[in-house]
Amino acid sequence: MCKLFKRAVLGSATAFLVACGGGGGGDVAPDTTQYPVQAALTAAYTNGLEKTLSITGTASDGFVTYPVSGTMRLALSPAIHTTLNGLDVLQVTETIDGSLTVNGQIGPLTSTSTSYLTMTFSPVVYDSTGTYCEADAPIVYPATLMVNQSGDLGTFHCYSDSSKITPVGSETSSYATSPGRVAQTLDVRVITTLYDASHVQLATGSLTYNVTAAGVPSISQFQMTQVDGGITVQMTGQ
């Protein structure tokens, strides 16, 4: 679900900077509840999801560190039916807009991407400007998860466009859970690691979803770390 929080937002942030999870608090007693993660994410795709986050962080060139602040609105549109390569799929538009302030200078933060899912809400492809990524297999989230569980979700291979002629890198996805900030909820941190075509790591990012025992989803936190052009950018939004 968090394709827009990957290349799109990481690239936008770094481009601006060059030019100028997640997790929650824990309960005292161990929480052994099985939270319906798959149903919660299906609900998010079906109904849409939106959150405005306050951003804090740093940008460093190795000698000087500058403060980063701002706001970022993350929006996931409700899924609509379409076709992809002759197959019936679901299409979701994912949007980021906001602004960043770096050492007193303000710049825009904006991107849009499109994700394609199977009819059972498993991501298979996402498409954004300059990047077309296709999963080895549909990304299937566990039906239920408890606190302190983790695992791999899958790998996307990325190209410059849908012709898939020019490889530009890959992405791996995984998850880790922790107690939500609100009692009897679960934080599910979806972690993405980006690599270039030579498999050199470019960045890591994560989006944390909060899931209630009834399967109600919300966005809890965003994090990213990227090194580009000698500049290290670290941001957290919540």
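Data block above holds the structure.
Conventions used here
Residues numbered from 1 in each chain as written. Predicted model: local features only at pLDDT ≥ 70, side-chain atom pairs only at ≥ 80, totals over all residues. Heavy atoms only, no water. Salt bridge = Lys/Arg side-chain N within 4 Å of Asp/Glu carboxyl O. Helix = DSSP H or I, 4+ residues; strand = E, 2+ residues; numbered from the N terminus. Buried < 20%, exposed > 50% of the residue type's maximum accessible area, 1.4 Å probe, protein only. Disulfide = S-S within 2.5 Å. Arc of directions from axis to C-beta.

Visitor: Can you walk me through the pattern of salt bridges in this structure?
Guide: In a structure, side chains of opposite charge can pair up when their charged atoms sit close to one another. One pass over the full model with this rule turns up 4 salt bridges. A salt bridge links Arg73 to Asp97, with the nearest nitrogen and oxygen atoms 2.6 Å apart. Here Arg73, found in strand 2 (residues 65–76), pairs with Asp97, found in strand 4 (residues 87–102); they are 24 residues apart in sequence, far enough to count as distant. Taking the relative accessible area as the measure of exposure, Asp97 reaches 28% and is therefore partly exposed. A salt bridge links Asp187 to Arg181; its shortest N-O distance comes to 4.0 Å.

Visitor: Help me understand the state of the cysteines, please; the structure alone is not making it clear to me.
Guide: Scanning the model with the defined rule gives 1 disulfide in all. Residue Cys133 pairs covalently with Cys158 via a disulfide, S to S 2.0 Å. Here Cys133 and Cys158 share a disulfide; its torsion about the S-S bond, 110 degrees, makes the bridge right-handed. With Cys133 in strand 7 (residues 131–135) and Cys158 in strand 8 (residues 150–159), this pair connects stretches of sequence that are 25 residues apart. For Cys158, a relative accessible area of 1% gives the class buried.

Visitor: Help me understand helix 2 (residues 37–47), please; the structure alone is not making it clear to me.
Guide: Three or four residues apart is the spacing at which side chains of an α-helix point the same way, because the helix has 3.6 residues per turn. All of the buried residues in helix 2 are Val37, Ala40, Leu41, Ala44 and Tyr45. Buried residues of helix 2 fall within an arc of 140 degrees about the axis and therefore sit on the same side. Just downstream of helix 2 lies Gly48, where phi reads positive at about 85 degrees.

These results come straight from atomic positions and should not be treated as a statement about function.
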